[in-house]
Structures are given as structure tokens and as C-alpha cells.
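# Structural overview
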Number of protein chains: 2
Amino acid sequence: MKPLIMVTNDDSVNAPGLYRLIDVLQEFGNVIAVAPARPQSGMSSAISVNTALRINSLPDYGDTRVFSVNGTPVDCVKLGLAAVMPRKPDFLFSGINHGSNSGTAITYSGTMGAALEGCMAGIPSVGFSLLHHSLKADFSFGMPFIREIAAKVIENRIEPGICLNVNIPAKVEPKGVRVCRAAKGHWSEEYSRYLDPEGHPFYWLTGRFVNEEPDADDTDEYWLGNEFISIVPARADQTDMEAVKHIRRLYDSDREL
Amino acid sequence: MKPLIMVTNDDSVNAPGLYRLIDVLQEFGNVIAVAPARPQSGMSSAISVNTALRINSLPDYGDTRVFSVNGTPVDCVKLGLAAVMPRKPDFLFSGINHGSNSGTAITYSGTMGAALEGCMAGIPSVGFSLLHHSLKADFSFGMPFIREIAAKVIENRIEPGICLNVNIPAKVEPKGVRVCRAAKGHWSEEYSRYLDPEGHPFYWLTGRFVNEEPDADDTDEYWLGNEFISIVPARADQTDMEAVKHIRRLYDSDREL
């Protein structure tokens, strides 16, 4: 039986990257897309609470049924699983994002929010991102690699509790693929400050990622900088088991206050 | 010098839990609050992109200056650090959330999104949540324990890369405090389905958390069920270093496609 593959993204059902991903995946199984009606970049694992969510059926794309949801990427996964997919899908692929999700950007990424949600539902899940923000970005160099990675995921699955964060250099033919860790870093100059016509300030998110370990040769930033595709395995469960042991003696207590 | 303490939450600047947390913290240092103008439950680590953010100065609460931001909890932390705080704060406390953030709820929690953001900025950070959704929830049983935990954090700080997810049982005097791991689980029956007046369906998020390891005695769900406060140390970096090693042989490749 052909695998059932769910596809979503955070750039919306209108983003070209979604359809480039479907182009690859139709070869491997039955693909159904459930994507946000509007752009959801930066939505992380946000869910819509106290909101009426709707599912809209859109025209098929090739053999792929396409649906939109007026919510976040995680809403698309949750509601897609609950009310669109005919059964639990065998795989979930998210993307191809128009823009990088390397380094600490994974934390804010709606693309990876969706992949983590699939992972938490027990579905082998992967997010793909191209290091180019434009909706006119050229995905062609990355396509054979995305196909290769998808084939490996579909053949080997992914261990439970882990999903893959795949970033793809833009405008060059990648030199290969490297599994690595997320670079530690931070954003600097995060806001532009403006004055509105009445002279009151407002702020607009901007900034640039500062890699705090530029000399490390095992990070996604390093390999992307060397024109390789990076694959970071990301854990859904954020508990630090080592810290559980360390800090127990400090905080564990019984009632005595 | 007294420590500088930043406080935020996800229930908004109008939520009583924010002020109960400030009540505790004013004893320990100079407290400044930067909280969302409107409720942001379920916003995870979402950031507002392509949006004009504003900072509003509100009346002081005791010795605490209070500001609101028209964005997410992470926006409050980022913009608070960039444009409100006189210097990098020594500590960040988020909450007290009106509602549980135990188990896998941490993934969706705006309270913990803010704490993780503080952690990523190198600030020892803690999120507090009470297992009661009502804005009229009674925090009094938890207050001495919150004070005790805050005192320990301020004395000992927290190791870099980790923040603390503290959940507090409601309506009972806690029996004590336990450091533990997040219970694995999932939500079931996640959506209520309705028909609008024109007969078109819409969906509303609901559901209940199913603890998939009810017999484990080292999880937050276990200890909360036994009327203890749970503390889960959460990692900001989601890279699974073991998986980096496992999957390298499968995915690493050089150009040959």
C-alpha cells in the first residue's frame, strides 16, 4: 500500500514552496495538503484557542487534495489529523519554507512547529527550509536532495520523539548533506524604531542572527556556510534529564513552609 | 545591588496571576513588568513579524513599573529587553499562568515561550503555572512555595541553556516540591464540531491530556496528581545530540545526485 503523506507549511497554501514539496512527494505516496490560509511565519507551535477554525477545500494539485485552515501551522496539523486525513498519515512533511530555520530560528519557526506537532502525534516528520525569503525563490538546486532525503525518511522512518530540521542553501548547488546540531546564537539589533505621524514610537522586528560559535565545525550554520544542506534532529520533549538529576537536591522538599 | 527582575506572562497585563507573582518578587529586587496587552494563551514561542509593536506605560503596581506590548509573550521579552529594561535583567519570571503547563503543554505555552526566550537571552528564567484556568483562581496555597522557589533561583541562578517549568496544584495546600520530567502524552478528542447558522461546519479546540505513562513515578503529571508542585528543567536547544550520531551514517552524503 502506498504511504499516506500529509504536507503543510507556514507560508500559507498560496506559497510556491508547498507545491515544490508536493512535486517531490507525489512520487512516494498519496499526498494530502492542509496548509494555513494566510502566512504564519514566526508562529512556532502556537495554537488557536477560543477561535472558530474552518477547513476550506481547494482545487486539487495533480493527485493531491489541498485544504486550507484559518489558523496556525499546528492548527493545520491537529485539525488536519482530526477532520481531514482519512487515517493517521505515515509521514508528515512541512515546507518548503521560504527562509532559513537554522540556528535558534527553529524555536520561532511555524514550519518546524508543524513538524514537531507531527512528531508528537507519533508521525515521522520533517521540515524543509530554503535560505531565501522571496516567494520567487528558486528551489531547483535543492530538489534532488529533498527527494533523496524524503526517500530515506520513507524507507527508514525516524526514531520516535525526533523530527528533522532540514535547511537548504540558496542560489547554489549544494555540495552534499550533513547531519549536525543547531548553532548557538542570538539575534542582535532586533527592532527598528519608527515614529508614527503623531510622533509616537512603534517597533518592527528585524535583526540578524549572530552565530556564537563561528569556529565550530559541527553546526548547521557552519555547514550551510559551506554550501551543504544541514539536517538537525530535534527533540519534541524539552526536558533536560541531566538537569533533573542536578537540581533535584536544590529544589525537592516536603511541606514545611 | 538589588537584582533587576523582569516579569511577564501570557494571560495579559490584566491577569491577576501577574500581580501575585510581582507580590512575591518585589521582596527580592527591582521588578519591571512587560506583559501582553491581550490574552496570548497557546502562543508558544510565536513572534510578531511584519507588525507594528507598541509599548504602553501603565500605572505602577507598588514599586513595579508596568508596561504592555500588543504582541506575544516572546515579543514582550524581546522588545522589553530591547526598549524597556534599563539593562539586561538578572532574572526573568513568567506567570503565574491561569492553567496547567504540565506534560506536553509546555510546547504550546506562551508562559513557557517567554521563559525559554529569557533563557535563550542568557537570563535565568522560570515559568509558573497554576492548575486552574479561572481568572478568579486562588493562588494563596501556592504563594509560599513560589517565594521559596524564587529565593532559590535568585540565590543559585540556573545553569545556562535551561529554564524551569513550575506547575502548582490548585485548591490544595501542596505537599512539597519535586523536580521531575515532563510526562509523555497526547490530547484526545481535540475539537468540538459545530454548524454555523448556514449549516457550514467549524471547529473549536478542546480535548483532554492523556498521560501515556500513568504508572511512571518521575513525571510532572504524577507529582501534580499527588498534590506536589512539579519543576521540569526545560532545554532551549532542541537538538538531540544522540540522534546526531545515530542518523549521520544514513543522511551524510557528498554531491553525486
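The present account deals with the structure reproduced in this document.

Here we come to the relation of the copies chain B and chain A. Least-squares fitting of chain B to chain A yields an RMSD of 0.0 Å, with the transformation described by 0.0 Å of translation along the axis and a rotation of 180°. The transformation relating the two chain copies, once decomposed into turn and shift, fits a two-fold axis. In this assembly, 100% of the residues forming the interface of chain B have copies in chain A that are likewise at the interface, indicating an isologous arrangement.

Residue and element names in this part refer to chain B. All told, the structure shown has 16 aromatic pairs over all chains when counted by the stated rule. Centroid distance Phe93 to Phe128: 6.2 Å. Interplanar angle 15°. Geometry classified as stacked. Placement of Phe93 in strand β5 (residues 91–98) and of Phe128 in strand β6 (residues 125–130) is noted, with a sequence separation of 35 residues between them. A relative accessible area of 0% places Phe93 in the buried class. Ring geometry for Trp223 and Phe228: centres 4.9 Å apart, planes at 70°, overall edge-to-face. Residue Phe228 is classed as buried on the basis of its relative accessible area, which comes to 9%.

Looking at where Ser44 of chain A falls in the secondary structure, it is placed in the loop between β2 (30–36) and β3 (55–61). Accessibility expressed as a relative area gives 4% for Ser44 of chain A, which makes it buried. Of the polar contacts made by the side chain of Ser44 of chain A, one reaches the side chain of Ser44 of chain B; its length is 3.1 Å.

Turning to helix α6 (residues 241–251) of chain A, a few remarks are in order. An α-helical turn contains 3.6 residues, so a residue and the one three or four places further along point in the same direction. All names here are of chain A. Turning to α6, its buried residues number three or more, namely Ala243, Val244, Ile247 and Tyr251. On an axial view of α6, the arc spanned by its buried residues comes to 100°, and they lie on one face. Looking at α6, the residues exposed on the side facing more than 90 degrees away from the buried face are Lys245 and Arg249. The backbone nitrogen of Glu242 lies 3.1 Å from a side-chain oxygen of the residue at the head of α6, namely Asp240.

Conventions used here
- Residues numbered from 1 in each chain as written.
- Chains lettered and ligands numbered in written order.
- Predicted model: local features only at pLDDT ≥ 70, side-chain atom pairs only at ≥ 80, totals over all residues.
- Heavy atoms only, no water.
- Least-squares fit on C-alpha atoms with pLDDT ≥ 70 in both.
- Contact = heavy atoms within 4.5 Å.
- Phe/Tyr/Trp six-rings, centres within 6.5 Å; stacked < 30°, edge-to-face > 60°.
- Helix = DSSP H or I, 4+ residues; strand = E, 2+ residues; numbered from the N terminus.
- Buried < 20%, exposed > 50% of the residue type's maximum accessible area, 1.4 Å probe, protein only.
- Polar contact = N/O pair within 3.5 Å; in protein donor to acceptor, adjacent residues only side chain to side chain.
- Arc of directions from axis to C-beta.

So far we have only geometry, and geometry alone does not tell us how the molecule works.
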